[in-house]
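Breakdown of the fold
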Amino acid sequence: MTAVAEERKGVQPHVSSRALAEMMFRFRELGIVLALVLVVGATTIDNHLFLSATNVQQVLSAASIIALLAIGETIVIITRNVDLSIGSVLGISAYATGELYVHHPHVPLALVFLLALGIGVGCGIVNGLIVTVARVPSLVVTLGTLYIIRGIDGAWAGGNQVNASMLPDSFNKIGYGTIAGVPYLGIIAIVAVAIATYAMRTFRTARDFYAIGSDPDAARVAGIPVGWRVFLAFVLSGAIAGVAGAVWLSYYGSVDAIAGDGYEFQVIAAVVVGGVAIFGGSGSVLGAALGALLLNTINSALVVVNVSSFWSQALAGGLLVGAIAFDRLIAVRVAPALRTRRRARV
Amino acid sequence: MSDLGFQPHDEPPATEAPRRTGMGVFVRWEVLLLVLLGGTIAYGTNASPYFLQSTNLFYISLNVGEVAIMALPLTLIVVTGEIDLSVASMLGLSGVFMAELFNHGWPIWPAMIMAVVLGALLGAVNGFLVTRMGLPSLAVTIGTLTLYRGIAQGILPTDTIGGFPTGLASIGVVPIPHTHIPYSIAFFLALAVVFGIVLHATPLGRAIFAIGAGREAAFFAGIRVKRIKFWLFVLSGTLSGFAGVLWTLRFASARYDAGVGMELLVVTIVLLGGISIFGGRGTIAGVIVAVAILGTLQTALTADLIPAQDQNIVVGALLIASVIIPNSGELYRRARARLRSAEARRHAAAAAQGEGQ
């Protein structure tokens, strides 16, 4: 939090405390990488097929979709809000994509993604408008839109299902294609995370997100258009969820009314495990993406070591609760250290 | 607001300009609810001529029984400015636990009691994380929503457990003898009276309102803020566990996905009932009317042959409307203030110009 405020002023009076805070973030990302290595190592010793190309590609592809969604959710959570509707947005966008192909089999790929993007942006605008104009907590708003959007999806889809056979091969290929062994989805996610990481570190608007999450009142006093920024965060989250819907369809190949049901919890778990503070104001897109990868790797490892995959939801919940509790403990431990360092310099 | 922590730009309304209309707002809100209830009943009788027959009323109340019971402790939690999204998952896990115990040869009564005890423990976990670790209740209960449902799914992934003693299982579906009232609603009404008295006529109730209106102030007034919140979460877990038992008996079977997504209904009832999401305001009477509205609305929609998925659209819209509408007065005041200050500035500018000449 202090790091953000100081960066905005362009002065660096407390280099050591900044360094300490900086180290903590690095530490989190390193910690996840370490956990990843441990999980992969232990599982591979148990069953060497865990590191087979097919399995790695599968884990990477599934994690990519969660990682994409995690980018948007990270932005929203950094502004001290939450978006619970992303699973439903993904679902309705995936179904719309499928329907578009059913009715117009030769529609160009760009148009398909534009439609998915448009649906996502539309949903994001609705969320953002209600949150910022009506000034009600995003939790309630997005809990409502979660069910409203899912309801619209259900009313539209009914019992229908769009299958891979109804989709053109060029589209399906996004889901299963690879370049040098790396699935397209993985590349999409890596590029998206790289762009988002750069943007979140560089652009003033993105720094505003952190400032708002650290202290909304201070941000307003500092002249940041808080309402617009929060609105933008929701639109971005919706847009990403919309595009993720099309990507989701290309990977899973079939879509019905319940596509993406419950994804919001997996994504929030990934984001929080990835070190994004649930209080807002700190965290990185890279961490959230690594969190998504860790979660999916553990899920896959569970199956390999013969734990029923039915436990994966409990795992996500447990990690989510564990991560926020852990963050809190660390914060309680580190805060006095930061204070004493500052005092020592003064 | 502080503890929901998820809204960037709002001071809690309680700290804003004194509300001269305080009591009036509540009265009007509850009148609005009664009008809405009249509307849903009219809609129901329009959809089906049998809507107001006692059998149908029995089924209406049967359908909302468990939701209604869980709405009561959540009301108190929201009044203190916190939230519990894990209620439906606690219902599901308690039901699965009861059925598992029964399946392992436990007699039914101890199994039922243990399910309620488990609910209390689950609630205590929430309460511990929120009050002792100082975590935002929203994040904690989203986590435990996933965790508890996940554990239920891990224990009982695909099967259904049934075969409960018929005499007991039937209390889930038959009315209390000589009446048309289901047992679950009878429990709800009894509890509602207790909750109403506690919230509106005891020091504890005033303490709960005080916490919601200003936690720090409540703390300095000597109120055991953390302890009260902790026990409210335990209460929420206990009654969710109890609702889980009732649910299991009603369907005569336990599945891991019992009541999935029901937190939407419970939260909607509480907020529609006029409990402010910012804490510190609301009445049990409003919540009772909201239960009646949701119950009649759902049955009316079903009678009108509207599928369950589409009903979620209505409930979701109701949820959003019930937080926007009470807040709209605030918005109006703020817009007017802004307009006024802009006008004042223009006047000042004009005056300054006049002086300059």
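Moving on, we come to the overall build of chain B. On a plain count of helices and strands, chain B comes out with 13 helices and zero strands. When the helices and strands of chain B are listed from N to C terminus, the series reads α-α-α-α-α-α-α-α-α-α-α-α-α. In terms of overall dimensions, chain B has a C-alpha envelope of 95 × 50 × 40 Å along the principal axes. Counting every position in chain B, which comprises 357 residues, the buried fraction comes to 50%.

Turning to the overall build of chain A, a few remarks are in order. Each helix and strand in chain A was counted, giving 14 helices and two strands. For chain A, buried positions account for 53% of its 346 residues. Counting contacts in chain A only where the partners sit at least 6 residues apart, residues at least 24 apart contribute 79% of the total.

Contact with chain A, which involves 47 residues of that partner, is made by 43 residues of chain B. Those elements that place two or more of their residues in the side of chain A that touches chain B are helix H6 (138–157), helix H11 (226–252), helix H12 (263–273) and helix H14 (312–345) of chain A. By residue number, the principal contributor to the side of chain A that touches chain B is H6 of chain A, which donates 14 residues. A breakdown of the residues in the side of chain A that touches chain B according to their chemical character gives 31 nonpolar, 12 polar and four charged.

What follows covers helix H5 (residues 137–155) of chain B. Under the 1.5 Å per step criterion, the end-to-end length of H5 of chain B is 26 Å for 19 residues, consistent within 8% with the ideal 27 Å. Burial runs high along H5 of chain B: 17 of the 19 residues are buried.

Turning our eyes to something else, we now look at the nonpolar core. Among the nonpolar cores identified, the biggest contains 218 residues, and Leu-69, Ala-70 and Ala-289 of chain A together with Ala-71, Val-266 and Ile-269 of chain B are the most heavily contacted of them. Sorting elements by how many residues they give to this core places H11 of chain A first, with 18 residues. With near-sequence residues (within four places) excluded, Leu-69 of chain A lies in contact with Ile-86, Leu-90, Ile-240, Ala-241, Ala-244, Tyr-263 and Val-267 of chain A.

A few words on the packing of helix H9 (residues 204–214) of chain A against H11 of chain A. All names here are of chain A. At a minimum axis separation of 10 Å, H9 and H11 run at an interaxial angle of 105 degrees. In terms of orientation, H9 lies roughly perpendicular with respect to H11. In contact with Thr-205, Asp-208, Phe-209 and Ile-212 of H9, H11 contributes Val-226, Arg-229, Val-230 and Ala-233. Here the residues of the contact of H9 with H11 are counted per class, giving five nonpolar, one polar and two charged.

Helix-helix packing is described using two parameters, namely the angle between the two axes and the distance between the axes. Residues and elements named next belong to chain B. The N-to-C vectors of helix H3 (residues 87–103) and helix H4 (residues 108–132) enclose an angle of 145 degrees; their axes lie 8 Å apart at closest approach. The two elements H3 and H4 meet at a crossing, and its hand is right-handed. Seen from H3, the contacting residues are Met-90, Leu-93, Ser-94, Gly-95, Phe-97, Met-98, Leu-101 and Phe-102; seen from H4, they are Ile-108, Ala-111, Met-112, Met-114, Ala-115, Leu-118, Gly-119, Leu-122 and Gly-123. Among the residues making up the contact of H3 with H4, the classes are represented as 13 nonpolar, four polar and no charged.

Residue and element names in this part refer to chain B. Scored by pLDDT, chain B has a mean of 87; 92% of the residues are at 70 or more. When mean pLDDT is taken per element in chain B, H4 scores highest with 96 and helix H6 (residues 166–169) scores lowest with 78. Low pLDDT, under 50, characterises residues 1–21; the predicted model gives this stretch 48 contacts beyond four residues in sequence or across chains. With a pTM of 0.87, the predicted complex shows an ipTM of 0.84.

This part covers the confidence of the model for chain A. Overall, the predicted model of chain A reaches an average pLDDT of 87, with 90% of residues at or above 70. Least confident of the elements in chain A is helix H1 (residues 2–9) of chain A, whose mean pLDDT is 45; most confident is H11 of chain A, at 96.

With phi around 55 degrees, Arg-135 of chain A is a residue other than glycine that occupies positive phi space. Its location among the elements puts Arg-135 of chain A in the loop between helix H5 (109–133) and H6. You can call Arg-135 of chain A buried: it has 20 C-beta atoms within 10 Å. In this structure, Ala-252 of chain B is a non-glycine residue whose phi angle is positive, near 55 degrees. Secondary-structure assignment places Ala-252 of chain B in the loop between helix H10 (225–251) and helix H11 (263–272).

The topology assignment puts Phe-203 of chain A in the loop between helix H8 (184–202) and H9. For the pair formed by Phe-203 of chain A and Phe-265 of chain A, sequence separation is 62 residues and the distance between their alpha carbons is 29 Å.

Moving on, we come to helix H7 (residues 183–201) of chain B. All names here are of chain B. Taking 1.5 Å per residue as the helical rise, H7 with its 19 residues ought to reach 27 Å, and the 27 Å between its terminal C-alpha atoms agrees with that figure. Restricting attention to buried positions, one finds in H7 the residues Ser-184, Ile-185, Phe-188, Ala-192, Phe-195 and Leu-199. Down the axis of H7, the buried side of the element spans an arc of 80 degrees, and every buried residue falls inside it. Away from its buried face by more than 90 degrees, H7 exposes Ala-190, Val-193, Val-194, Ile-197 and Ala-201.

Glancing now at the environment of Met-262 of chain B. Residues and elements named next belong to chain B. Among the structural elements, Met-262 can be located in the loop between H10 and H11. Residue classification places Met-262 among the buried positions, given that 20 C-beta atoms sit within 10 Å. For Met-262 and Glu-66, which are 196 residues apart along the polypeptide, the C-alpha to C-alpha distance reads 9.8 Å. Ignoring sequence-local partners within four residues, the contact set of Met-262 consists of Val-67, Ala-88 and Leu-91.

Quick notes on the rules
- Residues numbered from 1 in each chain as written.
- Chains lettered and ligands numbered in written order.
- Predicted model: local features only at pLDDT ≥ 70, side-chain atom pairs only at ≥ 80, totals over all residues.
- Helix = DSSP H or I, 4+ residues; strand = E, 2+ residues; numbered from the N terminus.
- Buried ≥ 20, exposed ≤ 12 C-beta atoms within 10 Å, placed from the backbone.
- Contact = placed C-beta atoms within 7 Å.
- Nonpolar A, V, L, I, M, F, W, Y, C, P; charged D, E, K, R; others polar.
- Expected span 1.5 Å × (residues − 1).
- Core = buried A, V, L, I, M, F, W, Y, C linked by C-beta atoms within 7 Å.
- Axes fitted to C-alpha atoms, helices over the stretch in contact; angles between N-to-C directions.
- Parallel < 35°, antiparallel > 145°, perpendicular 65-115°, else oblique.
- Left-handed = near helix turned anticlockwise from the far one by under 90°.
- pLDDT = per-residue confidence, 0-100.
- Arc of directions from axis to C-beta.

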